[in-house]
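Chains, contacts and geometry: an overview
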4 protein chains.
Amino acid sequence: MTGRRYVITLSCPDRTGIVARIASFLAGLGASITEAAYHADVEAGVFATRQVVDAASVPCDVEELRELFAPVAAELGGEHRISDTGTRKRAVLLVTRDQHCLHDLLGRVWTGELPVEITRVIGNHASLEPIVTAHGVPFHHVPFPAAGDRFREQGKVTAFEEIRKLVDADDPDAIVLARFMQILPAHLCEAWAGRAINIHHSFLPSFAGARPYHQAHRRGVKLIGATCHYATADLDAGPIIEQDVTRVDHGDTAADMVRRGRDIERLVLARGLRWHLEDRVLIQGNRTVVFH
Amino acid sequence: MTGRRYVITLSCPDRTGIVARIASFLAGLGASITEAAYHADVEAGVFATRQVVDAASVPCDVEELRELFAPVAAELGGEHRISDTGTRKRAVLLVTRDQHCLHDLLGRVWTGELPVEITRVIGNHASLEPIVTAHGVPFHHVPFPAAGDRFREQGKVTAFEEIRKLVDADDPDAIVLARFMQILPAHLCEAWAGRAINIHHSFLPSFAGARPYHQAHRRGVKLIGATCHYATADLDAGPIIEQDVTRVDHGDTAADMVRRGRDIERLVLARGLRWHLEDRVLIQGNRTVVFH
Amino acid sequence: MTGRRYVITLSCPDRTGIVARIASFLAGLGASITEAAYHADVEAGVFATRQVVDAASVPCDVEELRELFAPVAAELGGEHRISDTGTRKRAVLLVTRDQHCLHDLLGRVWTGELPVEITRVIGNHASLEPIVTAHGVPFHHVPFPAAGDRFREQGKVTAFEEIRKLVDADDPDAIVLARFMQILPAHLCEAWAGRAINIHHSFLPSFAGARPYHQAHRRGVKLIGATCHYATADLDAGPIIEQDVTRVDHGDTAADMVRRGRDIERLVLARGLRWHLEDRVLIQGNRTVVFH
Amino acid sequence: MTGRRYVITLSCPDRTGIVARIASFLAGLGASITEAAYHADVEAGVFATRQVVDAASVPCDVEELRELFAPVAAELGGEHRISDTGTRKRAVLLVTRDQHCLHDLLGRVWTGELPVEITRVIGNHASLEPIVTAHGVPFHHVPFPAAGDRFREQGKVTAFEEIRKLVDADDPDAIVLARFMQILPAHLCEAWAGRAINIHHSFLPSFAGARPYHQAHRRGVKLIGATCHYATADLDAGPIIEQDVTRVDHGDTAADMVRRGRDIERLVLARGLRWHLEDRVLIQGNRTVVFH
């Protein structure tokens, strides 16, 4: 993508004339549309669109565009958003000990492939601090109580409270659970709805819950996968953004599957996050519309 | 797809307001749009769109719709077409001895998956006649001169002339070279431009020409593929509609590759042909826009 | 594969020297090994091997080879089998109304790709009879009682009894449930253990049970799949032979998924059945070893 | 893989009894075989095998094993090698400005996924130095003469001479051209034969040479890929270790293809390099046997 763009996304009840209404509005501004996608779910009666406009082609800044578009959106109902690619988005990453997703995302930001600033990484273990700081990103260690701790539940509450404050201080566009392995409390899922992105190391809904590769090995499946989804209070059941799989065979132990699975997790999370950051993902109930 | 639909496709020079123009036209008719896709190739300065309208939502038949849309299309320039899914399309298949693509297409038509009537199958060998007639389709044997024949070139000209007459008598929407293995003469490529569809048993542009699986085996590639493309006078270089690949390894002989490749050829041809029949493929120079 | 082959498969407890024992036996016969594969599951303590011998290289027929190998197999324990590719295997297909898997298998047998004779097709509806007989295969209609029938359970028992007799009369190497859609009774699963092959239209263990594509659509997954597995009394939980997936997106309705899924079902069943017929699949508990 | 292993690979003329000879030798030592793979290319008359032995099961160290196996190998002819997984392998990376492959490999080594020590990274630009040293690996900048330089050819010779000295000082098991973009001189391809590994950013043999993604875009292909191969004097024509592809469509510009392609390059190089380091790749003429 070259040049500054304004990205308009809209989700609203389906009816005749929506495309015409938006297209006329943009034509009226003289806007040059560089990407446009539409989706009507006839069964559910909902409509979704994403339109990308060359910022140089319209005689206003993003704030003015938002004001001008507000009556159109109000007329159509539903939800909308207008982003400006000239304003860099922000993400906070939550991690534990696994570093493959973290390292992959740091690399993609370093090269400029992911259009985001990682404002901080929060880990419940300190082991990933060196690799994070080597990439010039601040790392915060928020320890969680151990399994045997008699004040464990209270300790978790305190830890999540600290995480909440750190995250909210940055007001990020994405909170990425990059193999975080702790269950996000319902009130944080709520507060961060549509922004908290998880990578689950199985092809959901298969093998939800713990140790999915070991479950997959026991069942003898011939493909394993990973799922990038929005975190919701209903564990492993949030709207799916992206999934992919890779082939395994009888020679693969559960440990081999863990290793093979890492490459899928990396790719699926990186794709899902990029689409989220580029405003390509619209949530409709428990499903997503992803405009590639 | 349920119910009758009108499918509008348009390819024209890119400029501001095309979407608004078409959308307003359709909104003016009260048309209910069930699918819409757009593509602007900024570099090449061309625009393409495909819009599907619920026939029951517009107060006119396809002929009237064509008349009403003509001035809009004239204004925008370029090429357009309006199809009516209520009118069954027609295809002629050209085959030689290989039956896997032929059998697959006959099955898909039999089940109604491919929205087409196969009006006839023309083979340069008679061996596939029984399977064709078993599916209730007429078969025509047009023999070609053998390799050693001293009047071979003239014999080919005569054979192709017979094929041309048989094909043109049906005025088909698609002429499918379902592993035909004879090079179509330039004047037929010309006459059937945008309608003659070939399946090449390699991942073009790799291994163009004869015996691609043997070439692939010799080179030691790790994936083999197939390509569905429009036939043009420039052999194996026409606009690509669809490609896919499958994995091979050192244990696969050239014969194994031939067998594995068949499944890819079948799928790639069936997909490419379906997209063509559903007016999803627009040719722009030597490339295609495929609205999935 | 050219020429007649003897295929030896063996599954036994793992210990040192198994490969040496078999290899010495074959070397002693002067056998030319054209394919050999081994798998030791260290965790489970089981070993599996498949060896293919050029029949022309050994001074005995398959019966003699079986006798000669028996003491070796007895020494190693476990189960073994020796097949002769010179003896054509037999399969019976069970179908209902869906014809895509059936038509695909008929075509693969017709071309000689699948090394099997389809001795008969049994359908609980008569609608597929024409396409079966067009391929020269006998069709038997065994009607099942309708949903509202008050003697439904007894009717099913009678119908399955008739099917059992028809199948057993052919003593087939494979009983293929090519989208049969009736649950095989436990005693038939038992009687046909390791020979009854089912195609399930989902990526198991996801969406087991009825209408998997509708379940998949509702969950909003980004890939759908199919699973070929041995039928066991524990429904949809038998040893998996092969699986594959294809991508879907938000634009796909449940009906689109059904259509897209058919291509995966066809391929997955054809691959699984071929591997079974070529003695490439060894069952170990609820998992399979598949020597490709 | 847990525990120390000895890995035996052998490539020799095919004849009866090879498996028995090796298996008897190992059984005689009481060796516990944890992995074994064989491949006979009947057409070419060559045989290849890879056997992995639990080091704890044999009463000798790797040097003694090599001595004991030498007469067996001599008897069979061909080439063999015995590696000890207890001895860490070494790799040198050559890079230019692109960092995606480099960063990916550094991460895989950091996590222990790739069993190798990166002894140094050599770049013809200095820009990647910070990311390399952040991972604790020495970086050497060997500048190359610019395009307009009148002593360019001589400058290149000098630069490659310096690279040769740096590489050979480490006696690495792999010299990885991780998007190096300079053509390796023939004498270095020769000196490093079977150790110099290149990643080519196309699905070879398609689009060999410069700017493959731009070539792919122009041709309108529907899949793009990457190829990991051994570097040979015959540019882009060395034995292929691994390839993979990803789907593109009409909406992808050449720049999009470059971005999408990076994920395939990363994976294909990481896989190819891991297989090389685990002695899974045997070169036979211009093709490879890869024992997965």
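Definitions and cut-offs
- Residues numbered from 1 in each chain as written.
- Chains lettered and ligands numbered in written order.
- Predicted model: local features only at pLDDT ≥ 70, side-chain atom pairs only at ≥ 80, totals over all residues.
- Heavy atoms only, no water.
- Contact = heavy atoms within 4.5 Å.
- Buried area = accessible area lost by both parts, 1.4 Å probe.
- Salt bridge = Lys/Arg side-chain N within 4 Å of Asp/Glu carboxyl O.
- Polar contact = N/O pair within 3.5 Å; in protein donor to acceptor, adjacent residues only side chain to side chain.
- Helix = DSSP H or I, 4+ residues; strand = E, 2+ residues; numbered from the N terminus.
- Least-squares fit on C-alpha atoms with pLDDT ≥ 70 in both.
- Buried < 20%, exposed > 50% of the residue type's maximum accessible area, 1.4 Å probe, protein only.
- Pairing = 2+ DSSP bridges.
- Axes fitted to C-alpha atoms, helices over the stretch in contact; angles between N-to-C directions.
- Parallel < 35°, antiparallel > 145°, perpendicular 65-115°, else oblique.
- Left-handed = near helix turned anticlockwise from the far one by under 90°.
- Nonpolar A, V, L, I, M, F, W, Y, C, P; charged D, E, K, R; others polar.
- Domains from an automatic or database assignment.
- UniProt positions renumbered as here; feature names shortened; annotations may be inferred.

1. Remarks on the interface of chain D and chain A
Every contact between the two is made by 18 residues of chain D and, on the other side, 18 residues of chain A. With both sides pooled, the region where chain D packs onto chain A buries about 1800 Å², and carbon together with sulfur makes up 53% of that total. Area buried by chain D at its contact with chain A is led by D:His103, D:Trp110 and D:Arg259, which between them contribute 24% of it. Measuring nitrogen to oxygen at the nearest pair gives 3.4 Å for the salt bridge that ties D:Glu113 to A:Arg262. Where chain D packs against chain A, one counts 10 residue pairs in polar contact (both at pLDDT 80 or more). Listing elements by their share of the side of chain D that touches chain A, those giving two or more residues are helix 3 (100-110), helix 4 (129-134) and helix 8 (254-277) of chain D.

2. Quick notes on the relation of the copies chain D and chain A
By a simple turn and slide, chain D fits onto chain A: the slide is 0.0 Å along the axis, the RMSD is 0.0 Å, and the turn is 180 degrees. Both chain copies can therefore be described as sitting about a two-fold axis. Distance from the rotation axis, computed per C-alpha, reaches its smallest value in chain D at D:Ala134: 2.6 Å.

3. Focus: the pairing of strand 13 (residues 287-290) of chain A
Successive side chains on a regular strand alternate, one facing one side of the sheet and the next facing the other. All names here are of chain A. Judged by which residues are buried, strand 13 turns out to be covered on both faces: Arg287 and Val289 on one side and Thr288 and Val290 on the other are all buried. In terms of strand pairing, strand 12 (residues 281-284) meets strand 13 through four bridges, oriented antiparallel. Across the sheet, Leu282 pairs through a bridge with Val289, a residue of strand 13. Counted along the chain from strand 12 to the antiparallel partner strand 13, the turn is two residues long, and its residue Gly285 has a positive phi close to 65 degrees.

4. Concerning the packing of helix 7 (residues 212-219) of chain D against helix 8 of chain D
Residue and element names in this part refer to chain D. Helix 8 packs onto helix 7 with a crossing angle of 120 degrees between their chain directions and a minimal axis gap of 9 Å. Between helix 7 and helix 8, the interaxial angle falls into the category oblique. With respect to the hand of their crossing, helix 7 and helix 8 are arranged in right-handed fashion. Contact residues: Tyr213, His214, Ala216 and His217 in helix 7; Ala254, Met257, Val258, Gly261, Arg262 and Glu265 in helix 8. Looking at the contact of helix 7 with helix 8 residue by residue, the class counts come to five nonpolar, three polar and two charged.

5. With respect to the relation of the copies chain C and chain A
After a rotation of 180 degrees and a shift along the axis of 0.0 Å, chain C superposes on chain A with an RMSD of 0.0 Å. Mapped onto chain A, 100% of the interface residues of chain C again fall at the interface, so both copies present the same surface.

6. Observations regarding the domain arrangement of chain A
Residues and elements named next belong to chain A. Taken as a whole, chain A is organised into domain 1 (5-84) and domain 2 (89-290). Of note, the centres of domain 1 and domain 2, computed from C-alpha atoms alone, are 31 Å apart. At the junction of the two partners, domain 1 supplies 14 residues and domain 2 supplies eight residues. In total, domain 1 and domain 2 occlude about 790 Å² of area from one another, counting both sides; carbon and sulfur atoms represent 47% of this. Taken together, the connections running from domain 1 to domain 2 amount to three salt bridges. With its nearest N and O atoms 3.7 Å apart, the salt bridge here joins Asp41 to Arg287. For the pair domain 1 and domain 2, the number of links is five residue pairs in polar contact (both at pLDDT 80 or more). Taken together, the elements giving at least two residues each to the side of domain 1 that touches domain 2 come down to strand 1 (5-13), strand 2 (33-41), strand 3 (46-54) and strand 4 (79-84).

7. Remarks on the pattern of salt bridges
Inspection of every chain in the model, using the stated rule, returns 116 salt bridges over all chains. With a closest N to O distance of 3.9 Å, C:Arg81 and C:Asp279 form a salt bridge. Pair noted here: C:Arg81 is in strand 4 (residues 79-84) and C:Asp279 is in the loop between helix 8 (254-277) and strand 12 (281-284), with a separation of 198 residues, a long-range link. Given the relative accessible area of 7%, C:Asp279 is considered buried. Bridged by salt links that share partners, the residues A:Asp104, A:Arg108, A:Glu113, D:Arg262, D:Asp263 and D:Arg266 form one connected network.

8. Remarks on unusual backbone geometry
Backbone geometry follows two general trends: most residues other than glycine have a negative phi, and most peptide bonds adopt the trans configuration. The linkage connecting B:Leu204 with the following residue, B:Pro205, adopts the cis geometry, with an omega of 5 degrees. Relative to the elements of secondary structure, B:Pro205 occurs in the loop between strand 9 (196-200) and helix 7 (212-219). The backbone of A:Asp279 sits at a positive phi, close to 55 degrees, despite the residue not being glycine.

9. A word on the interface of chain C and chain A
Taken together, the contact pairs 33 residues of chain C with 33 residues of chain A. Three residues, C:Arg219, C:His250 and C:Arg287, lead the burial of chain C against chain A; their summed loss comes to 26% of the area buried on that side. Applying the counting rule to chain C against chain A returns four salt bridges. As a salt-bridge pair, C:Glu242 and A:Arg247 come within 3.0 Å of each other at their nearest N and O atoms.

10. Thoughts on the UniProt feature "domain: ACT" (unreviewed entry) in chain A
In this numbering, the UniProt entry assigns the feature "domain: ACT" (unreviewed entry) to residues 7-90 of chain A. End C-alpha to end C-alpha, residues 7-90 of chain A measures 17 Å, and it is 32% helix and 39% strand.

11. Considering the sheet that holds strand 10 (residues 223-230) of chain D
Residue and element names in this part refer to chain D. With respect to topology, seven strands assemble into an open sheet ordered 7-6-5-8-9-10-11, the strand pairing being mixed. The open sheet has two edge strands, strand 7 (139-141) and strand 11 (240-247), and neither has a second partner. Along the sheet, successive strands turn relative to each other by an average axial angle of 20 degrees, direction set aside. Where strand 9 (residues 196-200) and strand 10 come together, four bridges link them in antiparallel fashion. When the sheet's bridge partners are listed, Asn198 is paired in strand 10 with His229. Taken strand by strand, helix 8 contacts strand 5 (89-95), strand 6 (116-123), strand 8 (174-177), strand 9, strand 10 and strand 11, and its axis lies near 155 degrees from that of strand 11.

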